[in-house]
Each structure stands twice: as C-alpha cells, then as structure tokens.
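Tertiary structure, described
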Amino acid sequence: MAEPLLSVRDAEQAAAGLLPRDVRDFVAGGSEAEVTLAANRAALDAVFLTPRVLAGITACDPGTMLVGCRSAQPVAVAPMSYQRLIHPEGEIGLARAAREAGIPLTLSMMSSCLLEEVAAVGGTLWLQLYLLRDRGQVADLIQRAEAAGCRALMLTVDVPRMGRRLRDMRNGFALPAGITAANLRDDTATMVGGTSAGSPGVAVHTNQVFEPSLSWADVSWLRERTRLPLVLKGILHPADAQHHRAARRLRGGERPV
Ligand SMILES: Cc1cc2nc3c(=O)[nH]c(=O)nc-3n(C[C@H](O)[C@H](O)[C@H](O)COP(=O)(O)O)c2cc1C
C-alpha cells in the first residue's frame, strides 16, 4: 500500500518516484548555481512563530481576507506553469484542491489548461500575467479573466528575462507534445514552450516573447485595462515598494507582494 501523504515533503518524495527526471528538475530547479533557491529555503526555515499561551481559546480560525477575497488560511497557491506536466488533470485538479482547502489559486499565464475550464471548478481564482511584447494578447487575456470571474490579477515583475536554469539546459528540457500554454495564441505558446528542436528552448524563446523593458508605465497600462485588484509579484527592494505605495496612493489599487 502506498505511504500516506502527511506532509509536503511526503508528497515531494512520492512525486520523485513518479515523475521523469527532467520534469522533477523543472519543478525543483532554480537559476544558475541555485544560491537564491537555497537562501529562500533557509530564510523560510528560519521563521518561527512565537505562540501566546494561556489564551483560553478552544477553536482557532486562521481564515483571513487576501486581496479582497476570503481565504481559509493566510496563504494562496502561487502561479506554477504547465501543471499537466505533473498530473494529467493539471490546473483543473489544482483548482479543485484549492477550492477544497478554501484558498485562492493563482493561475499561471502559462497554464496548460484553459482559463475558462479552471474557473468552472469554482473557488477563488486569480490570474498571473507576464507582460508580453504583444500587448494585445495580454489585453485579451485580461478580458477573458474578468469574464470568467477571476477576482484579481497578478503581474510578475521580476522576470523581464528568464533566468539561466542550468538543470533545464543540461536536460535539454522542452515541453512534451500536447502540453502547451493553453491560453496563449498557438504561435506564442510554441515560442515559450520551446517545442522547436534544440535546447535550452524554454528560456531562449521565452525571452523573445516577454517584454524585457518592463517598467512602471506598463503597470499603469495594465491598471487602465482592468477593474480587478492588481498584485505585483516580485518586488524586493524597499525603494520599489515605496515607489509603488506612492503610485498606489495617487491611483489606488495595486499591492506589492
Ligand atoms: C514549476 C514552477 C513553475 C512556476 N511558474 C511560474 C509562473 O508561471 N509565473 C510566476 O510568476 N511564477 C512561477 N513560479 C514561481 C512561483 O510562483 C514562486 O514565486 C516560487 O516558486 C517561489 O516560491 P516558493 O519558494 O514557495 O517555491 C513557478 C515555480 C515553479 C516551481
């Protein structure tokens, strides 16, 4: 009988026995020497909560509001591309799990399932966007997100270019046939998926599709195109957060994460 999955680590170990090596590396790998990946892990491991004792509480409710949405816990699922690499149900299965857990799911722009089909699962859905050179496609996707009932948009601002992912380069990683960025136009999906011959397809072609000169003007451009709350994903420098806060005071709406 299979071991029960009692923790994230259990799930990770079980998946390691099922997934092909290149997919495992795509999920687990970081950029270059993976120094930041290790530092992030260490930083998270260094966080401890200091409990207040003798509080006389019998029932705890970790529920809260996130970006105007009720969540059963103070977390949401981060955007992760191409989930059908990992499980045939892909983002639809992930949406079901998020709905059951009562937490928002951020659907990646590079989702391998259709946005409308993921939205049909129910639960709270946010949509993550990269800024593409082809602004028209971004604008179309925003309209589809609003029509499908997405509750927030999240612009990833720390990937003007894809990092050099050495594991993917060594594995010659490219998406298998049948798995694509299902919500992008076919020619764009082919470019970002690296399905053309040779590697490292994913990073090289993605750099031709993403807007490398991403700036605050693009945040304003996006803001003008939606009534949804806009979250900026990837702000690290305090000055950027302050810039953002000042802009937000003027216009209202975006939040740094
Ligand atoms: C397999 C995989 C795919 C990802 N795809 C995206 C994506 O499409 N868009 C995005 O903004 N971030 C993407 N990320 C980054 C995550 O959203 C997140 O920022 C990152 O994994 C750091 O969080 P963690 O330390 O909890 O893993 C991806 C991460 C992984 C592991």
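Not measured: the values here are computed from a predicted model. Every chain is numbered on its own, with residues counted from 1 as its sequence reads. Given that the model is predicted, a residue must reach a pLDDT of at least 70 before its local features are reported, and side-chain atom pairs must reach 80 or more before they are shown or counted; all residues, however, enter totals for whole chains, interfaces and linings. Processing note: side-chain calculations cover all non-hydrogen atoms of the structure and skip hydrogens and water entirely.

Right, let's talk about the overall build of the chain for a bit. Secondary structure follows DSSP: runs of H or I at least 4 residues long count as helices, runs of E at least 2 residues long count as strands, and numbering of each begins at the N terminus. In terms of regular secondary structure, the chain is built from eleven helices and seven strands. Out of the 257 residues belonging to the chain, those deemed buried represent 37%. Roughly 14,900 Å² of accessible area belongs to the chain as shown, and the carbon and sulfur atoms make up 57% of that amount. On the chain, the mean spot of the 28 positive side-chain charges and the mean spot of the 26 negative ones are 5 Å from each other. For the exposure calls, accessible area comes from a 1.4 Å probe over protein chains only, and a residue counts as buried if that area is under 20% of its type's maximum, exposed if over 50%, partly exposed in between. Per-residue accessibility takes into account occlusion by the displayed protein chains alone, with areas from the Shrake-Rupley method and a 1.4 Å probe. By the counting scheme adopted, Arg and Lys are positive, Glu and Asp are negative, and His together with the chain ends is not counted. Where a charge lies is defined by one atom per residue type, namely NZ (Lys), CZ (Arg), CG (Asp) and CD (Glu).

Okay, the pairing of strand 4 (residues 125-129) next. With respect to burial, strand 4 is a largely interior element, five of its five residues being buried. Any two strands are treated as partners once DSSP identifies two or more bridges connecting them. One ladder, built from three bridges, connects strand 3 (residues 105-107) with strand 4; its direction is parallel. When the sheet's bridge partners are listed, Leu105 is paired in strand 4 with Leu125. In this structure, strand 4 lies alongside strand 5 (residues 152-156), joined through four bridges in parallel fashion. When the sheet's bridge partners are listed, Leu129 is paired in strand 5 with Leu155.

For the rest of this paragraph, the subject is the pattern of salt bridges. When their charged atoms lie close together, side chains carrying opposite charge are able to pair. What counts as a salt bridge is simple: a side-chain nitrogen of Lys or Arg found within 4 Å of a carboxyl oxygen of Asp or Glu. A complete count under the given rule lists 14 salt bridges for this structure. We note a salt bridge from Glu116 to Arg144, for which the minimum N-O separation is 2.8 Å. Within this pair, whereas Glu116 is found in helix 5 (residues 115-119), its partner Arg144 is found in helix 6 (residues 135-148), the two being separated by 28 residues in sequence. Given a relative accessible area of 34%, Glu116 falls into the partly exposed group.

Before going further, it helps to spend a moment on the environment of Arg151. Residue position: Arg151 is located in the loop between helix 6 and strand 5. On the basis of relative accessibility, which here comes to 39%, the residue Arg151 falls in the partly exposed class. Expressed as a C-alpha distance, the spacing of Arg151 and Leu228, which sit 77 residues apart in the sequence, is 6.4 Å. Throughout, a residue-residue contact means that at least one pair of heavy atoms, one from each residue, lies within 4.5 Å. Once residues within four sequence positions are removed from consideration, Arg151 is found in contact with Gly68, Cys69, Thr124, Leu125, Trp126, Leu228 and Pro229. Here a polar contact means two N or O atoms within 3.5 Å. Within protein one must be a hydrogen donor candidate and the other an acceptor candidate, and residues neighboring in sequence count only if both atoms are side-chain atoms. Within the structure, the side chain of Arg151 is placed 3.4 Å from the backbone oxygen of Gly68, a separation counted as a polar contact.

Residue position: Thr156 is located in strand 5. By relative accessible area, which is 4% here, Thr156 ends up buried. Side chain to side chain, Thr156 and Gln128 meet in a polar contact 2.9 Å long.

Look at Glu32: it is not a glycine, yet its phi comes out positive at around 50 degrees. With respect to the helices and strands, the residue Glu32 is situated in the loop between helix 2 (21-28) and helix 3 (35-45). Given the relative accessible area of 39%, Glu32 is considered partly exposed.

Whether a residue is near a molecule or strand depends on its heavy atoms: it is near if one of them lies within 4 Å of it. Close to the ligand lie Val27, Ala78, Pro79, Met80, Ser81, Ser108, Gln128, Tyr130, Thr156 and Lys233, which account for all nearby residues. Residue Ser81 places a main-chain N or O atom 3.0 Å away from a nitrogen atom belonging to the ligand. In the model, a nitrogen atom of the ligand is placed 3.2 Å from a nitrogen or oxygen of the Gln128 side chain. Under the convention adopted here, Pro, Cys and the residues Ala, Val, Leu, Ile, Met, Phe, Trp and Tyr are nonpolar, Asp, Glu, Lys and Arg are charged, and Gly plus all remaining residues are polar. Of the residues in the shell around the ligand, the class split is five nonpolar, four polar and one charged.

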